[in-house]
Amino acid sequence: MTGGTGADAASAGASSTRPELRGERCLPPAGPVKVTPDDPRYLNLKLRGANSRFNGEPDYIHLVGSTQQVADAVEETVRTGKRVAVRSGGHCFEDFVDNPDVKVIIDMSLLTEIAYDPSMNAFLIEPGNTLSEVYEKLYLGWNVTIPGGVCGGVGVGGHICGGGYGPLSRQFGSVVDYLYAVEVVVVNKQGKARVIVATRERDDPHHDLWWAHTGGGGGNFGVVTKYWMRVPEDVGRNPERLLPKPPATLLTSTVTFDWAGMTEAAFSRLLRNHGEWYERNSGPDSPYTGLWSQLMIGNEVPGMGESGFMMPIQVDATRPDARRLLDAHIEAVIDGVPPAEVPEPIEQRWLASTPGRGGRGPASKTKAGYLRKRLTDRQIQAVYENMTHMDGIDYGAVWLIGYGGKVNTVDPAATALPQRDAILKVNYITGWANPGNEAKHLTWVRKLYADVYAETGGVPVPNDVSDGAYINYPDSDLADPGLNTSGVPWHDLYYKGNHPRLRKVKAAYDPRNHFHHALSIRP
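Please read all numbers here as calculations on a predicted model, not as lab measurements.

Visitor: Tell me about the packing of aromatic side chains, and please be specific about residues and values.
Guide: Under the definition given, this model contains 23 aromatic pairs. On the basis of an interplanar angle of 45 degrees and a centroid distance of 5.2 Å, the ring pair of Phe257 and Phe309 is categorised as tilted. Highlighted residues: Phe257 in the loop between β10 (249-256) and α7 (264-280) and Phe309 in the loop between β11 (291-298) and β12 (310-316), separated in sequence by 52 residues. Across this residue pair, the class does not change: Phe257 and Phe309 are buried. When the ring of Trp259 is compared with that of Phe267, the centres are 5.8 Å apart and the planes differ by 20 degrees; the resulting orientation is stacked. Owing to a relative accessible area of 21%, Trp259 belongs among the partly exposed residues under this scheme. With relative accessibility at 0%, the residue Phe267 sits in the buried group.

Written out as structure tokens, the structure reads:
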């Protein structure tokens, strides 16, 4: 399958007789295309970003309803020299979109088609959809899903191309393991917008552009206007076999812990138990691939009346041994730890397990890393020390998120996502309500991160324990030589040995560096 360029933009790569699958629209998109500051919709669109720490003032926001409109909007920014950024769901942790230098935001929220495309024998998913919308339509329409994130309000526009993972990834793999093709608006040396469809077919001349979207991250190469998803195996043309089937029901529980009785020895025992369980049970053939948990070590959330120290768990309830697996996991994690509250598990529908968008959140900062093994005893001590010294911190947390399993059956070079033997992802988070408290909170979370990775220059340099960072959890601190003293550049933490190939793709498809941000691939 080859992709089109130049004048064939509107119909590139799709031979379906359905106009909406050729990049056209049966009806024009609602409303005017440009939303300027004097438009009452401007404020709502400007504030779609979930992190209220960042606020931009774009000259206008371009609502787009078709691929051709995206191409026109992009080309206009080339002519005017205005810096452009693209927004799907708005859940970026950094200021890649909500940045004072960004003068034009291309808003993808009207591009919400989800359909089986027979010309591709794959599911078409447009980037304006949120994860919850994708889950609902794929499941109710065809009894299939993608193994994406737990936050249903995240937009798929950035989630997929950054790698994408979630509670089902241990069982089914990364989201990008199912990416068959992308339609991308790019800009050539002459400043002309082109629409290219790139597929995973080896003989596709744009195969490398497809590959770059299997973990290279958003805002790098162009504007993705369509994703096509299907399994890599040849399973025929039945749509119900083209993506994984989620469990009909989940057995869930949330274990809670009390800081009052949590001595340093007990805390260390808990984190060792949890990490060692994942070391033992994260192989692709483990009976526990259908089980996922997340150890959330947080302070008490102000006004919430509950501890932020908990471990939500879910397991495929259709398995006959689901209860045994869940109980065994809990027993292994809490062994030797002061009594935790372990409620009776409940069974719930899979589709009801993913929360929707919660609106604009508080100001926050997130840092992250991959773990190949549990945190070392010294790193656990650093977590305890920082989590028990939080005077004046509204919210702080360390989340240890289940990973591994089927994800780790893919060669690190087969996709742009190179971390293929990790067992956990770890997030270091802080949030605050008063803008005047930003500096204090940033200092706290940066110290926490630096202390955990003190032996490797303050960042998760790949070694026996760590394996770099995840671009969908972007952290501009990694590009700051005052905070990253490891000598390992930020791009090697995210992309490792795949970075040189990503740079070649950038040079080929965005030679003018029209699409860029603080952690974008450099041409």
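That was the structure; now back to the text.
Visitor: Help me get a handle on the sheet that holds strand β13 (residues 346-349), residues and values and all.
Guide: Where strands meet in a sheet, backbone hydrogen bonds hold them as pairs that are either parallel or antiparallel. Strand order across the open sheet formed by seven strands is β13-β10-β12-β11-β15-β16-β14, with antiparallel pairing between neighbours. At either end of the open sheet lies a strand with only one pairing partner, and these are β13 and β14 (363-371). In this sheet, adjacent strand axes meet at a mean angle of 20 degrees when their direction is disregarded. Sheet analysis places β10 next to β12, joined by seven bridges and oriented antiparallel. Of the residues in β12, the one forming a bridge with Thr254 is Pro312. Along the sheet face, helix α8 (residues 322-334) touches β10, β11 and β12 and points at about 155 degrees away from the line of β12. Each of β11 and β15 (395-402) is contacted by helix α9 (residues 377-387), which is oriented at about 150 degrees to β15, the strand it contacts most.

Visitor: Mind laying out the nonpolar core, listing which residues take part and the relevant values?
Guide: In this structure, Leu138, Met229 and Tyr428 are the most contacted members of the largest nonpolar core, which totals 115 residues. Judged by nonpolar contacts, the second largest core, of 18 residues, contains Tyr60, Val78, Ile106 and Leu111.

Visitor: Which residues make up the sheet that holds strand β8 (residues 193-199), and what values do they have?
Guide: Spatial strand order, β5-β6-β9-β7-β8: five strands in an open sheet with antiparallel pairing. Each having just a single partner strand, β5 (114-117) and β8 make up the two edges of the open sheet. Between one strand axis and the next, the sheet turns by 20 degrees as a mean value, whatever way the strands run. Examined bridge by bridge, strand β6 (residues 122-125) and strand β9 (residues 223-229) share three bridges and lie antiparallel to one another.

Visitor: So what's going on with α8? Residues and values would help.
Guide: Taking 1.5 Å per residue as the helical rise, α8 with its 13 residues ought to reach 18 Å, and the 19 Å between its terminal C-alpha atoms agrees with that figure. Within α8, burial applies to Ala322, Leu325, Leu326, His329, Ile330 and Val333. The buried residues of α8 occupy an angular sector of 130 degrees when the element is viewed end-on, so they sit on one face. Facing away from the buried side of α8, by more than 90 degrees, are the exposed residues Arg324 and Glu331. Contacts from the buried residues of α8 go to β10, α7, β11 and β12. A positive phi of about 80 degrees marks Gly336, the residue just after α8.

Definitions and cut-offs
Every chain is numbered on its own, with residues counted from 1 as its sequence reads. pLDDT decides what is reported in this predicted model: residues at 70 or higher carry local features, side-chain atom pairs at 80 or more are listed and counted, and totals for whole chains, interfaces and linings draw on all residues regardless. To get the side-chain values, all heavy atoms of the structure are used, and hydrogens and water are removed first. Pairing of aromatic side chains requires ring centres within 6.5 Å, counting the rings of Phe and Tyr and the six-membered ring of Trp. Pairs whose planes differ by under 30 degrees are stacked, by over 60 edge-to-face, and all others tilted. Only runs of H or I of at least four residues qualify as helices and only runs of E of at least two qualify as strands under DSSP, and these elements are numbered from the N terminus. Accessibility here uses a 1.4 Å probe with only protein chains present; expressed as a share of the type maximum, an area under 20% marks a residue as buried, one over 50% as exposed, and anything in between as partly exposed. DSSP calls a pair of strands paired once it identifies at least 2 bridges connecting them. Only C-alpha atoms enter the line fits that serve as axes; for helices the fit covers just the stretch in contact. Angles between N-to-C directions range over 0 to 180 degrees. Contact between two residues is taken to exist if any of their heavy atoms lie within 4.5 Å; hydrogens are not considered. Among the buried residues, those of types Ala, Val, Leu, Ile, Met, Phe, Trp, Tyr and Cys that are joined through side-chain atoms within 4.5 Å form a nonpolar core. To estimate how far a helix should reach, multiply one less than its number of residues by 1.5 Å. This arc describes the spread of directions from the helix axis toward the C-beta atoms.

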